[in-house]
Structure formats: structure tokens, C-alpha cells
Amino acid sequence: MKLQIRVSALLWIWGIFVLVPREMAGQSASNAGTVLYNDSHFHLTNYIQEGISIQKFLEIMGNKVARSTLFGIPLQQQWSYQNSGNFAPGYYLQTDAPLYYYSFTDAYIAMQYRLLSKEQQSRFDPMITGFNPADMYAARHIERVLRTFPGVFTGIGEFSIHKEFVSSKVAGEVASLTNPALDSILEFAGKVGLIVILHNDMDMPLAKQQSQPAYLEQMKEVLKRHRNTTVIWAHIGLGRIVRPVGYGSSSPDERFPDHIEIVREILEDPAMSHVHFDISWDEVAKYLVSGPKAIENCTKLMNRFPDRFLFGTDVVSPPDQKFYLAVYDMYAPLWKTLAPETSRKIRTGNYVRLFDIARQKVRDWEKQNLLK
Ligand SMILES: [Zn+2]
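What you are looking at is a predicted structure, and each value in this text was computed from that prediction instead of being measured.

### Some details on empty space enclosed by the protein
Evaluation of the coordinates by the stated rule reveals 2 cavities of 30 Å³ or more. In this structure, the second largest cavity spans a volume of roughly 60 Å³. Together, 10 residues line the second largest cavity, and Ile 236, Ile 260, Cys 298, Leu 301 and Phe 309 are the ones closest to its centre. For the lining of the second largest cavity, the secondary structure elements donating two or more residues are α11 (257-268) and α13 (292-304). Of the residues contributing to the lining of the second largest cavity, the split by class is 9 nonpolar, 1 polar and no charged.

This is the structure we're talking about:
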């Protein structure tokens, strides 16, 4: 009898360690069933480098979110007294004063991460963002950060090339898709195994319907030049006032297919099999679930390419869990129509597959290169 009890106890313990899927790693088994998503796109700090602590974020994640990326915003919004006097701008739309690259964000993120226990750390994938993508020295900054904070980072980004009002507000040379500095960054990321989150509006703000998306061809050329680099194109190339291609000419619902077609062509192209899309940001969700036709088109595309989309919030320093889960809730109509396996992959599975591979590659690179 005693032996029987011991055997069954051992079996039960074995069951916990083997059967809990990887994406719950770092999550206590009892919460396994309640996890909604892994967040492939999360900002701990805002445009004035302020935000909640990582402990507060862990609380907000609770047992609803198992894993999350962790990055700040690589740009500081300057508070120019000449421009806004005593009014302290907290966002880039609140002043005409410029934005400038803020490299200390990487040290801040690394030190927040280092405050955690090993188990807590396993739930996060810190990302390097504090570099100027128009600088041929940017790749050296990324390497310096890896050497200064070994064992911390999994990838680079979110960093931006074309981003509505932001790009033109950045002090210094404007970043571009044809700048070889971007190639050197993506080249280095591919060599190390760093996963890349790239924000690049596919089109210009408030573009006229029938026009070819302004930045699509250049973006495809960049992506094809770096096939060894795992890239996540943030927001499916959409943005606040960067609407889906073809959007708005007749009923939004009807015209939306154009953007879907463009994304489908990219997903079908073997030269871009290293390209993934995140559907983060409420400004993106508003388009993807804008009506039954849009939901149907997204569902068809995602069910066909379930491994190539990742959910993310793009939330910046949330005050509480309700606020943090809002983007996920906006997608409720889509979670309903997607095939269960597609939904699981987009919400949790693809994150684990891509970020675990990147983590391992970066650790291996560090092992091989840090002594040099
Ligand atoms: Zn973002």
C-alpha cells in the first residue's frame, strides 16, 4: 500500500514536469489553463522614459499572460522650454520639440530584468532598442549591449523606420529602408540570432486609395536581403493613420482585401519565409475586426498561415490589468472565428517557438564570443 502511494505520487509529479507545454514555462502549473496570450509587443516605458516597474508588470500579467517581450521606446521626447514653456510633454503629439535617440533605455531594461528571480526572468524576452537605425555604428551598439549585459537580451526592437509623425520629428538624419545602416543592423542580428521587431508603416499617413503603398517595395527588398534574420513586421505595416491599402474608398469592410492580398503575397513568397507579422496595437485591431468581411478575410489568411502571426498588445506601461488586456479583448470576434489551433499559435505558440530559438542562439553567441 505504502509503495503504491509513493509510486502514484511520483507519477503525478512526473506528469506536471513533462505535460505542461513550454509556453507555460515560468508559470506555475495550476494557472496553465487560464493563460490568454504571450505578448510579442510590450513597452515598459514611454516617450519620456517613464513607466511602471517590472514587478508591477508581473502583477498585471498575473496568470493571464505567461511570457512577454520587454522593451522601452528608443526615442526621448525633448521638453523644450522655448516650445512649450512649463508644459511637460509626455507624448510626441504634445509638442513640436524634436525626439532624439535614447540609448540608456537598454541599460534600464537590463537592470529591471536583473531585479527578477531566475523563474521570473524566464517569462521575459528583453529587447535592445537604443540605437539609431541611420547610423552605420548601430550594430556596434547592439554588440556592446550584449557584451555589457550577457544573458539578458533575446532580440532587437521594436525599432522604427517609417512611422507616421515620429520619423520626421527625430533629430538628425531620417532613417530609411535604403540606408546600408539598416542592412548592417539586420545582418548582425541574423549572425547572432537576435529576433527583430521592425516598425515600418507600409504606406504614408492618410494615403489616397488607389496609390501603391509608399514603402512596400523597399520593405520587401530589405526583407529579401536578410533571409537569415527572423523578422516580425509590427502591426502588419499598419498604424494610427496608416490605413489598410484600399481602405476607405467604399465601405471599409469591402475594400480591405487589398491589404490582405499584399500580406498573402509576402507569406507565399519563399524568399520571405523568415518574415512574420504581429497584430499588436488597438489602432490595428480596429481595422482587423472592423466588420464581418474583414474578420472573414483575416480568419482565412491566418488559418492558412497559422505559424506567421503573433499577438501583441503594444501597450505602453499599463496602469492595471483591465487596461492591459483591452487589445486582446478587442480581438474577441477573431478569436471566435479562428481555428482553435490557429488561435493557440497566434496567442501563445508562435511566440514560444520563435523567442525560444532566438534566446538559445543569442546565449550560444555570447558563449562563443564574450571571451574574445
Ligand atoms: Zn510599439
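Next, the rest of the story.
### Describing the sheet that holds strand β6 (residues 124-128)
Taken together, 8 strands build an open sheet; the order of strands is β1-β3-β6-β7-β8-β9-β10-β11 and the sheet is parallel. Here the strands that pair on one side only, and so sit at the sheet edges, are β1 (37-39) and β11 (309-310). The pairing of strand β7 (residues 155-160) with strand β8 (residues 195-199) spans 4 bridges and is classified as parallel. Residue pairing for β8: Gly 155 is matched across the bridge by Ile 195. Seen against the sheet, helix α9 (residues 216-225) touches β8, β9 (231-233) and β10 (275-278) and runs at an angle of roughly 165 degrees to β9. Relative to the sheet, helix α14 (residues 321-330) contacts β1 and β3 (65-70), its axis offset from that of β1 by approximately 110 degrees.

### Details of the coordination of the zinc ion
For the zinc ion, every protein donor is listed as His 41 (NE2), His 43 (NE2), Glu 158 (OE) and Asp 314 (OD), and the spread of their distances is 2.1 to 2.3 Å. Given 4 donor atoms and angles of 80 to 164 degrees at the metal, the environment of the zinc ion is assigned as irregular. All donors of the zinc ion come from a single chain, and their spacing in sequence reads H-x1-H-x114-E-x155-D. Of this pair, His 41 sits in the loop between β1 and β2 (42-43) while Glu 158 sits in strand β7, and the two are 117 residues apart along the sequence. The two residues His 41 and Glu 158 agree in class, both being buried.

Reading the values: rules and limits
Residues numbered from 1 in each chain as written. Predicted model: local features only at pLDDT ≥ 70, side-chain atom pairs only at ≥ 80, totals over all residues. Heavy atoms only, no water. 1 Å grid on protein atoms, 1.4 Å probe; cavity = no way out; pocket = protein on both sides within 12 Å on 5 of 7 lines; lining within 4 Å. Points joined across faces, edges and corners; volume = space filled by probe spheres on them. Helix = DSSP H or I, 4+ residues; strand = E, 2+ residues; numbered from the N terminus. Nonpolar A, V, L, I, M, F, W, Y, C, P; charged D, E, K, R; others polar. Pairing = 2+ DSSP bridges. Contact = heavy atoms within 4.5 Å. Axes fitted to C-alpha atoms, helices over the stretch in contact; angles between N-to-C directions. Donors = N, O, S within 2.8 Å, 3.2 Å for Na, K, Ca; no water. Tetrahedral: all angles 85-135°; square planar, octahedral: opposite > 155°, others 65-115°. Buried < 20%, exposed > 50% of the residue type's maximum accessible area, 1.4 Å probe, protein only.

Note that every value here comes from positions in space, so none of it alone points to a role or purpose.
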